[in-house]
Amino acid sequence: MSDQPLRNVIIIGSGPAAWSAAIYTSRANLQPLVFEGAFTEDNRLKGTLPLGQLALTTEVENFAGFPAGDLSGYYSTAFDERKAAEINSTHHKQGVSGPELMELMRQQAKNFGTEVITDDIVSCQLGEKPFVLKSLSGKEYQAHAIIVATGARANYLGLESEERFKNMGVSACAVCDGALPRFRNQPLVVVGGGDSAMEEATFLTKFASKVYIVHRRHEFRASKVMAERALANHKIEVKWNSVIDEVLGDEKKGVTGVRIRSTVDESQTEELDATGYFAAIGHTPNTDFLGGQVETKPNGYIKWTVPFRTNTNVEGVFAAGDVADDNYKQAITAAGSGCQAALDAERWLASQGHE
Ligand code: NAP
């Protein structure tokens, strides 16, 4: 039996969806409790540490309101001279990094009274109300409503060399990292054969001198239109029937290339020069702790059961961000859906008389 007070709403997760949901529910006086995750070795290896996927990126250039680069010129065109000088002396001059953006959102939620616990929720009972949640440290919590915002984790091949060069040329998000200086006018490698690989490779041609797609079979899984677009791009070369044997590099330069191996004749290897390696072999939504109690789509992402709402099949459980998004997967769309989930939860709680 829980010795904790019964909560209006518990939010699980600590990415942009979770913090937006926390900001909105705390401003609505619902006194939300956020489980931001635990700093465990298991979470580190899986890429599910507190603050989510953005904490694993460097500069964020595409979150509206946080322009990147040297902002002095930006300020001087956006504001008058006095205001520009004032802002220049106090604001970031190089945009915002993913971890900073998350820290800012977290603090913003706390400023409105959000309670944050640094622990994982490992299981839950959603069959009866109030819902019961169990944490990794063994405590039980109860809530009328839950917002699941646990995100998704990028799949990597699992090579030791991939791990070593993360943030030094290894990435799983071309949209997040592709425009960084180390990837400009250089050959890059994308591994995978689905829509993500096509999209990432096509996107990277904006910056790269050449993009190799390394795919383990002789045909793509991707939709025809996206595969054709990639194949028609003169900067893209496909290495069919090939797997990544090793990401090559050193501690100073980071990634310098990859060694690929043929899946037809395993004795055949080839080295490709590249300053970047992008894994695009799919994502896995973080839903294990739900124990199958919340309906998911065939690909594992939580299903929204009411059009344009964040409701799930369990009344009182809402889902926001990447855990329910197999399409957009952007920080700003996650933040938007966190706001939606907060409003949906607030209205549902009011309809149940929990205000
Ligand atoms: P996906 O469709 O599951 O494709 C994953 C790709 O990675 C497959 O080609 C697979 O190879 C390869 N792969 C998986 N594990 C591998 C391994 N261990 N070694 C080497 N290759 C491996 O994943 P996705 O591309 O991320 O797409 C996920 C969903 O999002 C899809 O429904 C997709 O349509 C959608 N999506 C849509 C868009 C868009 O419409 N704009 C963009 C991105 C994603 P095999 O083919 O051999 O299995």
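Residues numbered from 1 in each chain as written. Predicted model: local features only at pLDDT ≥ 70, side-chain atom pairs only at ≥ 80, totals over all residues. Heavy atoms only, no water.

Considerations on the layout of surface pockets
Note the following rule: Using a grid of 1 Å spacing that covers the protein atoms alone, one calls a set of points a cavity when a 1.4 Å probe fits there but cannot get out, and a pocket when the set is open and has protein on both sides within 12 Å along at least five of seven lines; lining residues are those with an atom within 4 Å of a point. Grid points are joined across faces, edges and corners, and a volume is the space filled by probe spheres set on the points. Gly is put with the polar residues, along with every residue not named as nonpolar or charged; the nonpolar set is Ala, Val, Leu, Ile, Met, Phe, Trp, Tyr, Cys and Pro, and the charged set is Asp, Glu, Lys and Arg.
Reported here for the second largest pocket is a volume of approximately 270 Å³. For the second largest pocket, the lining is made up of 16 residues, of which Lys 297, Trp 304, Ala 324, Asp 325 and Tyr 328 are closest to its centre. In terms of residue class, the lining of the second largest pocket is built from 8 nonpolar, 5 polar and 3 charged.

What about the domain arrangement of the protein chain?
Selection criterion: The start and end points of each domain follow an automatic or database-based domain assignment. Once two parts are joined, some of their accessible surface, as seen by a 1.4 Å probe, is lost; buried area is that loss totalled over both. Salt bridges, as used here, are contacts in which a Lys or Arg side-chain nitrogen is within 4 Å of a carboxyl oxygen on Asp or Glu. Between N or O atoms, a polar contact is any pair within 3.5 Å; within protein, one atom must be a potential hydrogen donor and the other a potential acceptor, and residues adjacent in sequence are included only when both atoms are from side chains.
Structurally, the protein chain comprises domain 1 (7–154 + 283–351) and domain 2 (160–279). When each unit is reduced to the centre of its C-alpha atoms, the spacing between domain 1 and domain 2 is 30 Å. Taken together, the two surfaces of domain 1 and domain 2 that pack against each other cover about 730 Å², and 42% of this comes from carbon and sulfur. At the boundary of domain 1 with domain 2, the tally comes to 0 salt bridges. One can count 0 residue pairs in polar contact (both at pLDDT 80 or more) joining domain 1 with domain 2. Looking at the side of domain 1 that touches domain 2, its residues break down into 2 nonpolar, 5 polar and 4 charged.

Quick notes on the sheet that holds strand S13 (residues 236–239)
Definition in use: Any two strands with at least two DSSP-identified bridges between them are counted as paired. A helix here means a DSSP run of H or I that spans at least four residues, while a strand means a run of E at least two residues long, and both kinds are numbered starting from the N terminus.
If you walk across this open sheet you meet the 5 strands as S10-S17-S11-S12-S13, and the pairing is parallel. At either end of the open sheet lies a strand with only one pairing partner, and these are strand S10 (170–171) and S13. Where strand S11 (residues 187–191) and strand S17 (residues 276–279) come together, 4 bridges link them in parallel fashion. From the neighbouring strand, Leu 188 faces S17, where its bridge partner is Gly 276.

Quick look at the pairing of strand S12 (residues 210–214)
A regular strand carries its side chains on alternate faces of the sheet. Heads up, the rule is: Using a 1.4 Å probe on the protein chains alone, a residue whose accessible area is under 20% of its type maximum counts as buried, one over 50% counts as exposed, and one in between counts as partly exposed. If you view a crossover with the strands going away from you and the path from the first strand over the helix to the second runs clockwise, you call it right-handed.
Counting buried positions over the 5 residues of S12 gives 4, a clear majority of the element. Judged from the 5 bridges that link them, S11 and S12 form a sheet pairing that is parallel. Considered in S12, the bridge of Leu 188 is made with Val 211. Crossover S11 to S12 through helix H8 (residues 195–204) is right-handed. In terms of strand pairing, S12 meets S13 through 4 bridges, oriented parallel.

Description of unusual backbone geometry
Cis geometry marks the peptide bond from Lys 129 to Pro 130, where omega comes out at -5°. Checked against the element boundaries, Pro 130 lands in the loop between strand S6 (121–125) and strand S7 (131–135). Here the phi dihedral of Asn 29 falls at roughly 65°; this positive angle occurs in a residue that is not glycine. For Asn 29, a relative accessible area of 58% translates into the label exposed. In the Ramachandran plot, Gln 31 falls in the positive-phi region, its phi being about 45° despite a non-glycine side chain. Its location among the elements puts Gln 31 in the loop between helix H1 (16–27) and strand S2 (33–35).

Considering the packing of aromatic side chains
Cut-off, in case you're wondering: Stacked, tilted and edge-to-face are the three classes assigned to paired rings of Phe, Tyr and Trp, where Trp is represented by its six-membered ring and a pair needs centres within 6.5 Å; plane angles under 30 degrees give stacked, over 60 edge-to-face, the rest tilted.
If you walk through the whole model with that rule in mind, you get 6 aromatic pairs. Ring centres of Phe 183 and Phe 278 lie 5.0 Å apart, and the angle between their planes is 55°; this geometry places the pair in the tilted category. Linking Phe 183 in the loop between helix H7 (174–177) and S11 with Phe 278 in strand S17, this pair joins segments that are 95 residues apart in sequence. Across the pair, Phe 278 and Phe 183 agree in class, each one buried.

Things to note about the sheet that holds strand S16 (residues 269–273)
As a reminder of what qualifies: Fitting a line to C-alpha atoms yields each axis, with helices limited to the stretch in contact; the angle taken between N-to-C directions then spans 0 to 180 degrees.
Pairing in this open sheet of 3 strands is antiparallel, and the strands run S14-S15-S16 from one edge to the other. Since the sheet does not close on itself, it has two edges, and those belong to strand S14 (242–250) and S16, each with one partner. Neighbouring strand axes in the sheet, compared pairwise and without regard to direction, differ in orientation by 25° on average. Direction of pairing for S14 relative to strand S15 (residues 254–262): antiparallel, over a ladder of 8 bridges. Along S15, the bridge assignment pairs Leu 248 with Gly 257.

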